[in-house]
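# An overview of the molecular structure
The primary structure of each chain is shown beneath.
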Amino acid sequence: MGLQYLFVINKAGSLIFDRRLSENAPQLSPNDCLHLASTFHGMQLLVQQLSPEPSDHGFGIVTLETESYVLQAYRPETGVQFFVTADLKTENLAAFLRDVYVIYADYVMKNPFYELDMPIKVDRWEAHLKRLVDKYNNRVNV
Amino acid sequence: MAVYCFYLFDRTGTCLCYYEWNRSRSLQDASDDQKNMFGMLFALRNFSVKLSPDPAKGVPTFFVTDVYALHYFETPTGLRFVLITSHDCGSVDVTRHLTDIYAEVYVEYAIKNPLYVKGSKIDYELFLSKLDSYVRSLPCF
Amino acid sequence: MSRPSLQTVGEAAFARCDRVSAELLALTYGTFVRQLLLDYEKVADVNAQLDAVGCNIGVRLVEDFLAKSKIAACNSFAHTADVIAKVAFKMFLGVTANVTSWSADRNTFSLLFDDNPLAEFTELPEQCPDLWYSNVLCGVIRGALEMLNMKVGCTFVRCKLRGHDTNEIRVSLHELLAEQPPQADD
């Protein structure tokens, strides 16, 4: 049980961060990740357009389920998007993504040397993220 | 809880059936909407399978947005059954109903109808009324 | 819980199906073949027509098969062969076939079956020694597999009506058709 893959996409739809979080997750090449991120971004726009009911927030997919994994997505108002895949029946994914957003706001956005919308290469972000992932996986496995 | 609409596509992207029960946003252009829906489903399916630890089980069963839920079932012959409901109905149980629609409505009233040309729009009263009554009988309707 | 064998799946699916009289099926099919022989003088043409008719049946029958048997997609051509022999044959003909004689490249196999409900009371006359009486079955298999993105060749090689010891259909995979992306309208 647990988290599999995390992606962070900027508001233009480009991949700025991806991380394989488990041995269960598929092996994806850097090109695969770039392609998945831009597909996801385009798909979210289409999903909103196809809505049969008017929407206040204009969000796109929040949760996606398949026979082998679930995907949870989160998009704050600024337009950056986070999505994570996890084993079926993993709980609290929405809370996990909000916690990821908090770390992003602290160690990426508040880092004066991070260039906006560029790929994230910040050690403190990675360290805090790893701690958060371990905490979630342990909580799930306990 | 509500069911909004239903789409059935074949593997070439032809919309064999579109049925609506409740939909506040009226369609400007039905054929555009259907093309966009098929395109989105095609992209979604490939995206979903790529991310799956087991590609054989990577096909999406449903997704939920803030407003609606889309349930998806595809057959090995390339037929895609789609049911759009309100977002509180999002569950794999509703996707299972799509397999029943395949077996009990499509196979019985379209495939076994010798006058129906495969790959064309299904315009038969009997098929549409069976589809309608089946969906109306669902708990999420 | 162990997965049920294909044999069990086939028997369960057969039990769920509606029954029709075997005599009615044999007589209807027989009359149909006789009429084709009158319409097309050459036996080779009759064989081709039976195959074409079978193909039209197969493209529809495959949906009924998938819906009623609830079999998931096959992961190999060998698995496909087993499903045809143990589940499809059982469901639609009430008989099971055996899969044998695999080619070295694993792309060709034979289906062997003794009983054939289409030909239960039939005896071939001397005038049509080259007729494959049940050739409709080859068309059904070909049409059904085409709907599943497999292009196959399917022919009879032995038929009890022709004096052989058993019935044998040889199935050969020609190509796997790829899924086409939707056409862009630009």
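Parameters and conventions
Residues numbered from 1 in each chain as written. Chains lettered and ligands numbered in written order. Predicted model: local features only at pLDDT ≥ 70, side-chain atom pairs only at ≥ 80, totals over all residues. Heavy atoms only, no water. UniProt positions renumbered as here; feature names shortened; annotations may be inferred. Contact = heavy atoms within 4.5 Å. Buried area = accessible area lost by both parts, 1.4 Å probe. Salt bridge = Lys/Arg side-chain N within 4 Å of Asp/Glu carboxyl O. Polar contact = N/O pair within 3.5 Å; in protein donor to acceptor, adjacent residues only side chain to side chain. Helix = DSSP H or I, 4+ residues; strand = E, 2+ residues; numbered from the N terminus. Nonpolar A, V, L, I, M, F, W, Y, C, P; charged D, E, K, R; others polar. Buried < 20%, exposed > 50% of the residue type's maximum accessible area, 1.4 Å probe, protein only. Pairing = 2+ DSSP bridges.

Where an unreviewed UniProt entry is consulted, chain C appears under the name Trafficking protein particle complex subunit, with the organism given as Gracilariopsis chorda. Checking UniProt for chain C, the heading Subunit (unreviewed entry) contains the comment "Homodimer." Per UniProt, chain C has the following entry under Function (unreviewed entry): "May play a role in vesicular transport from endoplasmic reticulum to Golgi."

Looking at an unreviewed UniProt entry, chain B carries the name Trafficking protein particle complex subunit, with the source organism given as Gracilariopsis chorda. Checking UniProt for chain B, the heading Sequence similarities (unreviewed entry) contains the comment "Belongs to the TRAPP small subunits family. BET5 subfamily." UniProt, in the comment section headed Subunit (unreviewed entry), describes chain B in these words: "Part of the multisubunit transport protein particle (TRAPP) complex."

## Section: the interface of chain C and chain B
Between chain C and chain B, the contact holds 17 residues from the first and 23 residues from the second. Together chain C and chain B conceal approximately 1,600 Å² of surface at their shared face, both sides included; 55% is due to carbon and sulfur atoms. Applying the counting criterion to the chain C and chain B interface returns 3 salt bridges. With a closest N to O distance of 3.1 Å, B:E108 and C:K68 form a salt bridge. Between chain C and chain B we count 11 residue pairs in polar contact (both at pLDDT 80 or more) in total. Taken together, the elements giving at least two residues each to the side of chain C that touches chain B come down to α3 (43–69) and α5 (136–147) of chain C. The greatest single-element share of the side of chain C that touches chain B, amounting to 8 residues, is contributed by α3(C). In terms of residue class, the side of chain C that touches chain B is built from 8 nonpolar, 2 polar and 7 charged.

## Topic: the side chain of B:S86
Along the chain, B:S86 turns up in strand β5 (residues 80–86). Residues contacting B:S86, with those up to four places away along its chain left out, are B:M1, B:A2, B:Y4, B:V67, B:Y68 and B:A69.

## Quick word on the side chain of B:E74
All names here are of chain B. Assignment of secondary structure puts E74 in strand β4 (residues 68–74). Of note is the side chain of E74, whose polar atom sits 2.8 Å from the side chain of R45. Polar contacts involving the side chain of E74 include one to the side chain of Y72, which spans 2.6 Å. Beyond its immediate sequence surroundings of up to four residues, E74 is in contact with R45, V59, L79 and R80.

## Describing the pairing of strand β3 (residues 60–64) of chain B
Within β3(B), 5 of the 5 residues are buried, which leaves it mostly tucked inside the rest of the structure. Pairing analysis gives 4 bridges linking strand β3 (residues 63–66) of chain A to β3(B), with the strands arranged antiparallel. The partner of A:E65 across the bridge, within β3(B), is B:F62. Sheet topology note: the β3(B)/β4(B) ladder contains 3 bridges and is antiparallel. Bridge pairing links B:V64 to B:A69 in β4(B).

## Focus: the interface of chain A and chain B
Facing 36 residues of chain A, the contacting portion of chain B comprises 32 residues. Carbon and sulfur atoms supply 67% of the area that chain A and chain B bury against each other, a total of about 3,000 Å² over both sides. On the chain A side of the contact with chain B, A:L50, A:P52 and A:E53 bury the most area, a combined 22% of that side's loss. On the surface where chain A and chain B come into contact, there are 1 salt bridge. Between A:D32 and B:K50 there is a salt bridge, with its nearest N and O atoms 2.8 Å apart. Here chain A and chain B share 10 residue pairs in polar contact (both at pLDDT 80 or more) between them.

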